[in-house]
Amino acid sequence: MNRRNYFILIISSILWGFSFGYFRWFLKIYLKLMYGATLLALVFSIQTLIGGVLSIISGVLSDTYGRKPMILLGSSMGLLGVLFFFLYLTLSSPIVGILFIIGIIIYFSAGSVSGAASNALLTESISENYLGRASSFLSISFIGSIVLGSIFFPFLTQWYGLLFSLVLSLILVTLFFFSRLFLIETLRKKVKEGSIREFFLNSMKSIKYTFTKKEVSFLSLYVVVGGLFTGISVFLPSYLKDVMHLRDEIIGLYFSLSAIISTIAQPLGGWFVDKFGGKLGMIIDGLVEGTILIIFAFLSIFMPFLALTVLLINSAFDPFYSSGYIVFIKNYTNEEERGKVFGGMTSLRLFPSSLSPILVGIIWNINPLLIFLVAGVAMFPRVYLLFLIKGGEI
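(A) The arrangement of helix α16 (residues 369–387) in detail. For α16, with 19 residues, the first-to-last C-alpha span of 29 Å sits near the 27 Å given by 1.5 Å per residue. If you check which residues of α16 are buried, you get L369, I371, F372, L373, A375, G376, A378, M379, R382, V383, L385 and L386.

(B) Broad picture of the packing of aromatic side chains. Under the defined criterion, the tally for this structure stands at 36 aromatic pairs. Geometrically, the ring pair formed by W16 and F20 is stacked, given 5.7 Å between the ring centres and 15 degrees between the ring planes. Remark: F20 and W16 occur in helix α1 (residues 3–35); sequence separation between them is 4 residues, near one turn of the helix. Across the pair, exposure class does not vary: W16 and F20 are buried alike. When the ring of Y107 is compared with that of F108, the centres are 5.4 Å apart and the planes differ by 85 degrees; the resulting orientation is edge-to-face.

(C) Just the packing of α1 against helix α3 (residues 67–90), in detail. Two numbers describe how α1 lies on α3: the axes approach to 12 Å, and their chain directions differ by 45 degrees. One element, α1, and the other, α3, form an angle in the oblique class. Pair α1 / α3 crosses with left-handed handedness. Of the residues in α3, those in contact with W16, L27, Y30, M34 and Y35 of α1 are G78, F85, Y88 and L89. Here the residues of the contact of α1 with α3 sort into 8 nonpolar, 1 polar and no charged.

(D) Representation of the environment of L219 in the model. By secondary structure assignment, the location of L219 is in helix α8 (residues 214–227). A C-alpha to C-alpha distance of 8.9 Å links L219 and I329, two positions 110 residues apart in sequence.

(E) Spotlight on the pattern of salt bridges. Under the definition given, this model contains 3 salt bridges. For the salt bridge of K241 with D248, the shortest nitrogen-to-oxygen distance reads 2.9 Å. Using a relative accessible area of 29% as the deciding quantity, one classes K241 as partly exposed. Accessibility expressed as a relative area gives 15% for D248, which makes it buried. Of the charged contacts, one joins E249 and R247 as a salt bridge, the two residues approaching to 3.7 Å between their closest N and O atoms. Taking relative accessible area as the criterion, R247 reaches 52% and is therefore assigned exposed.

(F) Geometry of the environment of N314. Looking at the element boundaries, N314 is found in helix α13 (residues 304–315). On the basis of relative accessibility, which here comes to 11%, the residue N314 falls in the buried class. Here the alpha-carbon distance between N314 and G286, two residues 28 residues apart in the chain, equals 9.9 Å. Not counting residues within four places of it along the chain, the set of residues in contact with N314 comprises V288, E289 and I292.

(G) Representation of helix α14 (residues 318–332) within the structure. An ideal rise of 1.5 Å per residue puts 21 Å on 15 residues; α14 measures up with 21 Å between its terminal C-alpha atoms. Where α14 bends most, at G324, the angle is about 25 degrees. Buried within α14 we find P319, F320, S323, G324, Y325, V327, F328, I329, N331 and Y332.

(H) Local environment of unusual backbone geometry. The phi dihedral of H245 falls on the positive side, at around 55 degrees, and the residue is not glycine. One can find H245 in the loop between α9 (232–243) and α10 (248–264). Among the residues examined, H245 registers a relative accessible area of 63% and is labelled exposed.

(I) Layout of the nonpolar core. F23, Y107, F235, L240 and F372 are the most contacted members of the largest nonpolar core, which totals 70 residues. The element that contributes the greatest number of residues to this core is α1, accounting for 11 residues.

(J) Local environment of the packing of helix α12 (residues 278–302) against α16. Here α12 crosses α16 at 160 degrees, and the two axes come no closer than 8 Å. Relative to α16, the element α12 is oriented roughly antiparallel. Crossing hand, α12 versus α16: left-handed. When the residues that make up the contact of α12 with α16 are grouped by side-chain class, the tally is 19 nonpolar, 5 polar and 2 charged.

Definitions and limits used
- Residues numbered from 1 in each chain as written.
- Predicted model: local features only at pLDDT ≥ 70, side-chain atom pairs only at ≥ 80, totals over all residues.
- Heavy atoms only, no water.
- Helix = DSSP H or I, 4+ residues; strand = E, 2+ residues; numbered from the N terminus.
- Expected span 1.5 Å × (residues − 1).
- Buried < 20%, exposed > 50% of the residue type's maximum accessible area, 1.4 Å probe, protein only.
- Phe/Tyr/Trp six-rings, centres within 6.5 Å; stacked < 30°, edge-to-face > 60°.
- Axes fitted to C-alpha atoms, helices over the stretch in contact; angles between N-to-C directions.
- Parallel < 35°, antiparallel > 145°, perpendicular 65-115°, else oblique.
- Left-handed = near helix turned anticlockwise from the far one by under 90°.
- Contact = heavy atoms within 4.5 Å.
- Nonpolar A, V, L, I, M, F, W, Y, C, P; charged D, E, K, R; others polar.
- Salt bridge = Lys/Arg side-chain N within 4 Å of Asp/Glu carboxyl O.
- Bend = angle between axes of the 7 residues up to and from the residue.
- Core = buried A, V, L, I, M, F, W, Y, C linked by side-chain atoms within 4.5 Å.

The structure is reproduced here in structure tokens:
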């Protein structure tokens, strides 16, 4: 058991989470305010595509070059992104606008580079007897720091200005990066370097395989339709700010409460899908989400705080989907095909998700209210795909 690695992972995740908790939603508002909805959609479409590709190959790269190099590469991207934001605010040059956009892409893609390697290093640093508890505590530490950052940074920005918050974030992320320099490499045997190309080919085969089995093919369509509306998360902060006219402190509190509620509901979601099956868990999540999005669209105009409360209820049902998705694939596939199905679903989700910000941006330019109405209505035929799945579980 490597306690040093575990301690560093906890400290570094807290440092990163405290900064990321605020800037994960504030930067979307700021980009929309400075450059408009069209550029916001384009930037996050590009970022989603880049981040998705990096997340697919990052595991192979960590097996090829080691856990620590990939963790440091992802951490340096996060630091470079914040540095670009700082230069944007302090320099007066036409090029700084480009730096700001590049910084956003780098900043939000950092986790895609280091995520797989961090998970691998964690499993290789902790004894199997303690891995579950260690992983849970690490997740709680990260989520807790995100919650605190999302609450406190808006007040710091209001009292001392955006530059002060950015300088503090730069200090935190610098400490985050340097703390990870002290990680100890855990990979003992590296795979051959030519495996990345093979991994891409296997990913394409996995996507094709998800459509060869009837039950899983309906889930594939469900994932594709859902991916087309992931861009809502890109525009939600701007909707709360521009349409509902909420202060940053309230927006920060909303995102904090959303994370807390989703975390608390994890055990309930897990219990439900274990008892009633993954399919029913996803159906309930889809029906609730569709209904809440439609209700939120109408309430957001006249009763903004009630609308936020309704939206928070939706956070409690997120685990019904995340747990249900895993249990469904486990129960409807056998051991020989399960890995291909999981890999295919991950790759399949990338394409609609990268187009989603552009699609949502087009709807935003017509009428921001339509984003939630269209997504809510689309949720019901999406859920119908799950009702088409027949047959018993394996």
